[in-house]
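# Summary of structural features
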Amino acid sequence: MVRDMTKGSPMKLILGFSIPLLFGMLFQQFYNLVDTMIVGKTLGVEALAGVGATGSINFMIIGFCMGVCGGFAIPIAQQFGAGRYSELRKYVYNSYILSIVFSIVLTILSVVFTQSILRLMKTPDNIFWHSYNYIVIIFAGIPTVFLYNIVSSIIRALGDSKTPVIFLVLSAVMNIFLDIWFITGLKMGVAGAAWATDISQFVSGLLCLIYMNKKYDVLKFQKGEKQIHRQHAINLIVNGVPMGLQYSITAIGSVILQTSVNTLGSVSVAAMTAGSKIQMFFACPFDALGSTMATYGGQNAGAKEVDRIGAGIRAAVIVGSVYSIAALVVQYLFGSYIALLFVDASETQVIAMTHTFLIVNALFFIPLALVNIIRFCIQGMGFAGFAVLAGVFEMVARTVVAFTLVPVFRFNGACMANPCAWVAADIFLIPAFIYCSRRLKKRFGIG
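### Some thoughts on the overall build of the protein
A count of helices and strands for the protein gives 17 helices and zero strands. In terms of principal-axis extent, the alpha carbons of the protein reach across some 60 × 45 × 35 Å. Out of the 447 residues belonging to the protein, those deemed buried represent 60%. Put simply, of all contacts in the protein between residues at least 6 apart along the chain, 84% involve residues at least 24 apart. For the protein, the exposed area adds up to about 17,500 Å²; of that, 69% sits on carbon and sulfur atoms. Mean positive and mean negative side-chain charge positions of the protein (30 and 17 charges, respectively) differ by 10 Å.

Dropping the structure here:
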């Protein structure tokens, strides 16, 4: 079902759109957690650290792919909000072509340079091949990342956040069974977890594509619409590449931080791995709010409803703040117990360090909520360049922490990297949103 977000209560629309999206993201993180849990419990701390040591470059490359797909959906959401359906379909077709090109190029480059990147990151020798065997297979599956994300992004641009969730749930269940079969049954090691992820993502993407082509009449191509249009392709790239770079630039800071953490040994790497996985799970509501605001901002910008965008921001901030407080309480009380999902109870040092990481990060969840809400809304409004600059602020903050706090305070210093990055991004994003709103009003002639 498509949803017009240019009319009605912003709070109801945001909640109605984000809650199904949240379930999808929770399931996506759930099967990422299952990968890590099975690896840690069955293959040991070194294998867990090996998978964890790839987290930052995984985010840098796969995050870029996801960002590009999300950016491609912005012109689609704007055309839908404006009611220009022929233009919408032209953008959809051109987004398919560009996704194929991007996926081929990125797969080749990432697979070829994986080993060199891991060496540059000073990945410890005792976990190096665990890291390589896992991440090179993940990178080989980049086309499946594009398949699922471009189709689901298009569906969400039409206001339907429920359909992608259904197929993602099926994919998550499949991933769990494949994890168990590949790792414990076929003894494939960390490579089994990577293959399970690739196969599951391919299935969910394919099912989404089949459903979308049959269900949505607005996407049924008319004569002359299935052509490569230079201007449409340029506009997609202008929106997609900055959004992808936002993830990658942010991830560069994470890569530098991970390199610094790698020098602290495999125990610190394992704790950072477990803490990061748990935090990503708890951060899913912020990601859902962000994706919601990209569609909300895109549709309302297309409909020239600038004041509604501000109202949507306020509603999303209220939701994000309430959740942030609840998440802090849960992680403070139960963080140590959650860490037991990844390591045995005998690994007391890893558990304690993981709990510290969770508490420090959760204390700054409200700034994280602001980052996601404002940045994605600005992207939806058509100002992708500002989102990239916010990523630069995050990158610089993590880099500063890596070079100043980690050598002195070691793991505790590393725990401050994300909070510093979120606050730095907010310092830029809040005035940036005010500026972008004024620009839109001036463009539309709104007093």
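Structure's up, so let's keep going.
### With respect to the packing of helix 12 (residues 306-339) against helix 13 (residues 348-362)
If you want to describe how two helices pack, look at the angle between their axes and the distance between the axes. Following both chains from N to C, one finds helix 12 and helix 13 inclined at 160°, their axes separated by 8 Å at the closest point. It follows that helix 12 is roughly antiparallel to helix 13 by the angle criterion. For the pair helix 12 and helix 13, the crossing hand works out as right-handed. Across the interface between the two elements, Leu328, Gln331, Tyr332, Gly335, Ser336 and Ala339 from helix 12 touch Ile351, Thr354, His355, Leu358, Ile359 and Ala362 from helix 13. The residue inventory of the contact of helix 12 with helix 13, partitioned by class, reads seven nonpolar, five polar and no charged.

### Thoughts on the nonpolar core
If you look at the biggest cluster of nonpolar residues, it comprises 71 residues, and the most contacted ones within it are Met293, Phe365, Ile378, Met381, Leu429 and Phe433. Judged by nonpolar contacts, the second largest core, of 62 residues, contains Val39, Met121, Leu147 and Ile154.

### Digging into the pattern of salt bridges
Side chains that carry opposite charge are capable of pairing whenever their charged atoms lie near each other. Within this structure, the stated rule accounts for six salt bridges. We note a salt bridge from Glu394 to Arg375, for which the minimum N-O separation is 2.7 Å. One end of the pair, Glu394, is in helix 15 (residues 384-409); the other, Arg375, is in helix 14 (residues 365-380), and 19 residues separate them in sequence. The buried category is assigned to Glu394, whose relative accessible area is 3%.

### With respect to the side chain of Asn418
By the secondary structure assignment, Asn418 is in helix 17 (residues 417-444). Apart from the residues within four sequence positions on either side, Asn418 is in contact with Gln279, Phe357, Asn361 and Arg398.

### Points about the environment of Gly302
Inspection of the secondary structure assignment puts Gly302 in helix 11 (residues 284-302). If we skip the residues at most four places from it in the chain, Gly302 touches Gln78, Gly81 and Ala82.

### Brief notes about the packing of helix 2 (residues 45-52) against helix 10 (residues 266-282)
Packing of helix 2 against helix 10 brings their axes to within 8 Å, and their N-to-C directions diverge by 65°. By crossing handedness, the relation of helix 2 to helix 10 is classed as left-handed. Facing helix 2, whose interface residues are Val45, Leu48, Ala49 and Gly52, helix 10 presents Ser266, Val269, Ala270 and Thr273. Within the contact of helix 2 with helix 10, the residues separate by chemical class into five nonpolar, three polar and no charged.

### Concerning helix 5 (residues 125-140)
Because each turn of an α-helix spans 3.6 residues, side chains separated by three or four positions end up pointing in the same direction. Under the 1.5 Å per step criterion, the end-to-end length of helix 5 is 23 Å for 16 residues, consistent within 8% with the ideal 22 Å. Taken residue by residue, helix 5 has Ile127, Phe128, Ser131, Tyr132, Tyr134, Ile135, Val136, Ile137, Ile138 and Phe139 as its buried positions.

### Details of the environment of Val401
Position of Val401 among the secondary structure elements: in helix 15. In this view, Val401 contacts Val406, Pro407, Gly413, Met416, Ala417 and Cys420; residues no more than four positions away in its chain are not counted.

### Considering the packing of aromatic side chains
Counting across every chain of the model gives 15 aromatic pairs. Taken together, a centroid distance of 5.1 Å and an interplanar angle of 25° make the contact between Phe393 and Phe428 stacked. Here the residue Phe393 occupies a position in helix 15, and Phe428 occupies one in helix 17, the gap between them amounting to 35 residues. Through successive ring pairs, a cluster of aromatic residues spans Phe383, Phe386, Phe393, Phe428 and Tyr435.

### Here's the deal with the state of the cysteines
One covalent bond between the sulfur atoms of two cysteine residues makes up a disulfide. Under the counting rule described, the total for this entry stands at zero disulfides. Here Cys69 is not disulfide-linked; the sulfur of Cys65 is the nearest cysteine sulfur, at 7.2 Å. The exposure class of Cys69 is buried, given its relative accessible area of 0%. Summary of cysteine pairing: Cys415 is not part of a disulfide, and the nearest cysteine sulfur, belonging to Cys420, is at 11 Å. Residue Cys415 is classed as buried on the basis of its relative accessible area of 1%.

### Regarding unusual backbone geometry
The backbone of Lys122 shows a phi angle near 60°, a positive value even though the residue is not glycine. For Lys122, the location among the structural elements is in the loop between helix 4 (85-120) and helix 5. The phi dihedral of Lys304 is positive, around 65°, even though this residue is not glycine. Relative to the helices and strands, Lys304 resides in the loop between helix 11 and helix 12.

### Notes on a nonpolar patch on the surface
A cluster of nonpolar side chains, namely Ile325, Val329, Val330, Tyr332, Leu333, Phe334, Tyr337, Leu340 and Ile366, defines an oily patch on the protein surface of about 860 Å² accessible area. Sorting elements by how many residues they give to the nonpolar patch places helix 12 first, with seven residues. Residue Tyr337 is classed as exposed on the basis of its relative accessible area of 58%.

Conventions we followed
- Residues numbered from 1 in each chain as written.
- Predicted model: local features only at pLDDT ≥ 70, side-chain atom pairs only at ≥ 80, totals over all residues.
- Heavy atoms only, no water.
- Helix = DSSP H or I, 4+ residues; strand = E, 2+ residues; numbered from the N terminus.
- Buried < 20%, exposed > 50% of the residue type's maximum accessible area, 1.4 Å probe, protein only.
- Contact = heavy atoms within 4.5 Å.
- Areas by Shrake-Rupley, 256 points an atom, 1.4 Å probe, with all protein chains shown as cover.
- Lys, Arg positive; Asp, Glu negative; His and termini not counted.
- Charge placed at Lys NZ, Arg CZ, Asp CG, Glu CD.
- Axes fitted to C-alpha atoms, helices over the stretch in contact; angles between N-to-C directions.
- Parallel < 35°, antiparallel > 145°, perpendicular 65-115°, else oblique.
- Left-handed = near helix turned anticlockwise from the far one by under 90°.
- Nonpolar A, V, L, I, M, F, W, Y, C, P; charged D, E, K, R; others polar.
- Core = buried A, V, L, I, M, F, W, Y, C linked by side-chain atoms within 4.5 Å.
- Salt bridge = Lys/Arg side-chain N within 4 Å of Asp/Glu carboxyl O.
- Expected span 1.5 Å × (residues − 1).
- Phe/Tyr/Trp six-rings, centres within 6.5 Å; stacked < 30°, edge-to-face > 60°.
- Disulfide = S-S within 2.5 Å.
- Patch = residues over 30% accessible without salt bridge, like charges linked within 9 Å, V, L, I, M, F, W, Y side chains within 5 Å.

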